[in-house]
Amino acid sequence: MAKKKDRKADKDRAGHKAGKAVPAASASEPPSKLRTKEYEREMRRLHGELVAMQEWVKATGARICVVFEGRDTAGKGGTIKRITERVSPRVFKVVALSAPTERERSQMYIQRYIQHFPAAGEVVIFDRSWYNRAGVEPVMGFSTPEQTERFLEQVPAVEKAMVESGIILIKYWLEVGPDEQTRRLEGRIQDPRKVWKLTDMDLKSYSRWFDYSRARDAMLAATDTSWAPWHLANTDDKQRGRLNIISHLLSQVPYEPLKPRDIALPKRQRAGKYVEPELSHRFIPTPF
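Residues numbered from 1 in each chain as written. Predicted model: local features only at pLDDT ≥ 70, side-chain atom pairs only at ≥ 80, totals over all residues. Heavy atoms only, no water.

Novice: What exactly am I supposed to notice about unusual backbone geometry here?
Specialist: It is generally the case that most residues other than glycine have a negative phi and that most peptide bonds are trans. You will see that threonine 73, though not glycine, has its phi angle at about 70°, which is positive. Secondary-structure assignment places threonine 73 in the loop between strand 1 (63-70) and helix 3 (76-84). Backbone geometry places arginine 128, a non-glycine residue, at a positive phi of 70°. (Helix = DSSP H or I, 4+ residues; strand = E, 2+ residues; numbered from the N terminus.)

So this is what it looks like as structure tokens:
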């Protein structure tokens, strides 16, 4: 599904809100790797814009729902972490549901997700979502073809109801190439910081690349609508992918820039008769 290049790219570089992300695969040659200082400088700017967006959401009572889907190792978790690391968890809420319980399996499929939809003044980010029924579940045999087909028929109407109720719904599919996926999975095997990310499910799904491709294609064809379109991002380059996604997210929300505040810290009170005691509490060891 081809996406038009955003016409605001020049403005984005000048510090304006960014436009649509275009998968790097569309370019003849991949761009050079960002220098760490350049990446962090741009991320710092985007974090400031996310704070401005947060304050607008709080002030207006907006409701924003962001869906992250994509292949294993495509960088959903890392991107979400960079989005949320400088904003309030009371406003930006991350939902990553575990496998459904026996009771939830007996419910309407979308039911356990609806309770997490945003209230006024909230941004809810789904780290995988109801689209499990279109991807992981049919590929791994957790749902029947009939259940998946019914889901794909029904979900556009559910999302239209969400949008018509006033929710800003933004959906991302993160795409990573097979060679890069292999490199990232191999990197998890011996890394004690990442070993928890390598599950039996990951190993099984790794061998089913084209099953996932077919499931993705069917999902995009059925659920890419005018009211809830899919936005695709190539994340072979994690840093560029994160910057592109956050820039695009900001472009989808009509927030206002933060107004500068003239703030001066007040003088602290005088100690008066207060005397610092000799503390006998148990301080932690200080090996560093």
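Now, onward.
Novice: Please explain helix 7 (residues 145-164) as it appears in this structure.
Specialist: Note that an α-helix has 3.6 residues per turn; residues three or four places apart therefore point the same way. The end-to-end C-alpha separation of helix 7 is 29 Å, in line with the 28 Å expected for 20 residues at 1.5 Å each. At glutamine 154, helix 7 is bent by approximately 35°, the largest bend along its length, and proline proline 156 sits one to four residues beyond. For helix 7, the complete set of buried residues consists of Thr148, Phe151, Leu152, Val155, Pro156, Glu159 and Met162. Those residues of helix 7 hidden inside the fold are in contact with strand 1, helix 6 (136-140), strand 4 (167-175) and helix 10 (209-223). Two residues or fewer after helix 7 comes glycine 166, characterised by a positive phi angle close to 110°. (Expected span 1.5 Å × (residues − 1). Bend = angle between axes of the 7 residues up to and from the residue. Buried < 20%, exposed > 50% of the residue type's maximum accessible area, 1.4 Å probe, protein only. Contact = heavy atoms within 4.5 Å.)

Novice: Help me out: how do you make sense of the packing of helix 2 (residues 36-60) against helix 11 (residues 238-251) in this one?
Specialist: In a packed pair of helices, the relevant descriptors are the angle between the two axes and the axis-to-axis distance. At their nearest, the axes of helix 2 and helix 11 sit 10 Å apart, and the two run at 25° to each other. In terms of orientation, helix 2 lies roughly parallel with respect to helix 11. Taken as a pair, helix 2 and helix 11 cross one another with a handedness that is left-handed. For the pair formed by helix 2 and helix 11, the contact residues are Tyr39, Glu42, Met43, Leu46, Glu49, Leu50 and Met53 on the first element and Gln239, Arg242, Leu243, Ile246, Ser247, Leu249 and Leu250 on the second. Across the contact of helix 2 with helix 11, the residue classes break down as nine nonpolar, two polar and three charged. (Axes fitted to C-alpha atoms, helices over the stretch in contact; angles between N-to-C directions. Parallel < 35°, antiparallel > 145°, perpendicular 65-115°, else oblique. Left-handed = near helix turned anticlockwise from the far one by under 90°. Nonpolar A, V, L, I, M, F, W, Y, C, P; charged D, E, K, R; others polar.)

Novice: I would appreciate a short explanation of a positive patch on the surface in the present structure.
Specialist: A cluster of basic residues, Lys81, Lys194, Lys197 and Lys238, forms a positive patch on the protein surface. With respect to the helices and strands, lysine 194 occurs in the loop between helix 8 (178-189) and helix 9 (200-206). We classify lysine 194 as partly exposed; its relative accessible area is 31%. (Patch = residues over 30% accessible without salt bridge, like charges linked within 9 Å, V, L, I, M, F, W, Y side chains within 5 Å. Areas by Shrake-Rupley, 256 points an atom, 1.4 Å probe, with all protein chains shown as cover. Salt bridge = Lys/Arg side-chain N within 4 Å of Asp/Glu carboxyl O. Lys, Arg positive; Asp, Glu negative; His and termini not counted. Charge placed at Lys NZ, Arg CZ, Asp CG, Glu CD.)

Novice: Where do I start with the packing of aromatic side chains in this structure?
Specialist: For any pair of aromatic rings, the description consists of the separation of the ring centres together with the inter-plane angle of the planes. With the rule as written, the count across this model stands at 11 aromatic pairs. Among the aromatic residues, ring-to-ring pairing joins Tyr109, Tyr113, Phe117, Phe126, Trp130, Tyr131, Phe151 and Trp230 into one connected group. Between arginine 71 and the ring centre of tryptophan 209, over which it is positioned, the NZ or CZ distance is 3.6 Å. Taking the ring centre of tryptophan 227 as reference, the NZ or CZ of lysine 160 above it sits at 4.9 Å. (Phe/Tyr/Trp six-rings, centres within 6.5 Å; stacked < 30°, edge-to-face > 60°. Lys NZ or Arg CZ within 6 Å of the ring centre and 35° of its normal.)

Novice: Any chance you could explain the pairing of strand 4 here in plain terms?
Specialist: In summary, the side chains of a regular strand alternate between the two faces of the sheet. For strand 4, a buried count of eight out of nine residues is recorded, marking the element as mostly surrounded by other parts of the structure. Bridge analysis of strand 1 against strand 4 gives eight bridges, and the strand direction is parallel. Its bridge partner being in strand 4, arginine 63 is matched across the sheet by isoleucine 167. Across five bridges, the pairing between strand 4 and strand 5 (residues 230-234) is parallel. Looking across to strand 5, one finds that tyrosine 172 is bridged to histidine 231. (Pairing = 2+ DSSP bridges.)

Novice: Quick question: what am I supposed to make of the sheet that holds strand 2 (residues 92-95) here?
Specialist: The pairing of strands in a sheet comes from backbone hydrogen bonds and takes either a parallel or an antiparallel form. A sheet is described by the order of its strands in space; here five strands give the open sequence 2-3-1-4-5, paired in parallel fashion. Of all strands in the sheet, those with a lone pairing partner are strand 2 and strand 5, marking the two edges. Mean inter-strand twist for the sheet, computed between neighbouring axes without regard to direction, equals 20°. Across the face of the sheet, helix 7 comes into contact with strand 1 and strand 4 while running at roughly 135° to strand 4.

Novice: Teacher, can you tell me more about the side chain of aspartate 202 here?
Specialist: Relative to the assigned elements, aspartate 202 resides in helix 9. For the buried aspartate 202, no salt bridge is present, and the opposite-charge side chain at shortest range is arginine 188, 4.2 Å distant. For aspartate 202, the residues in contact, after removing those within four places along its chain, are Asp72, Arg188 and Lys197.

Note that all results are geometric; they support no functional claim without further evidence.
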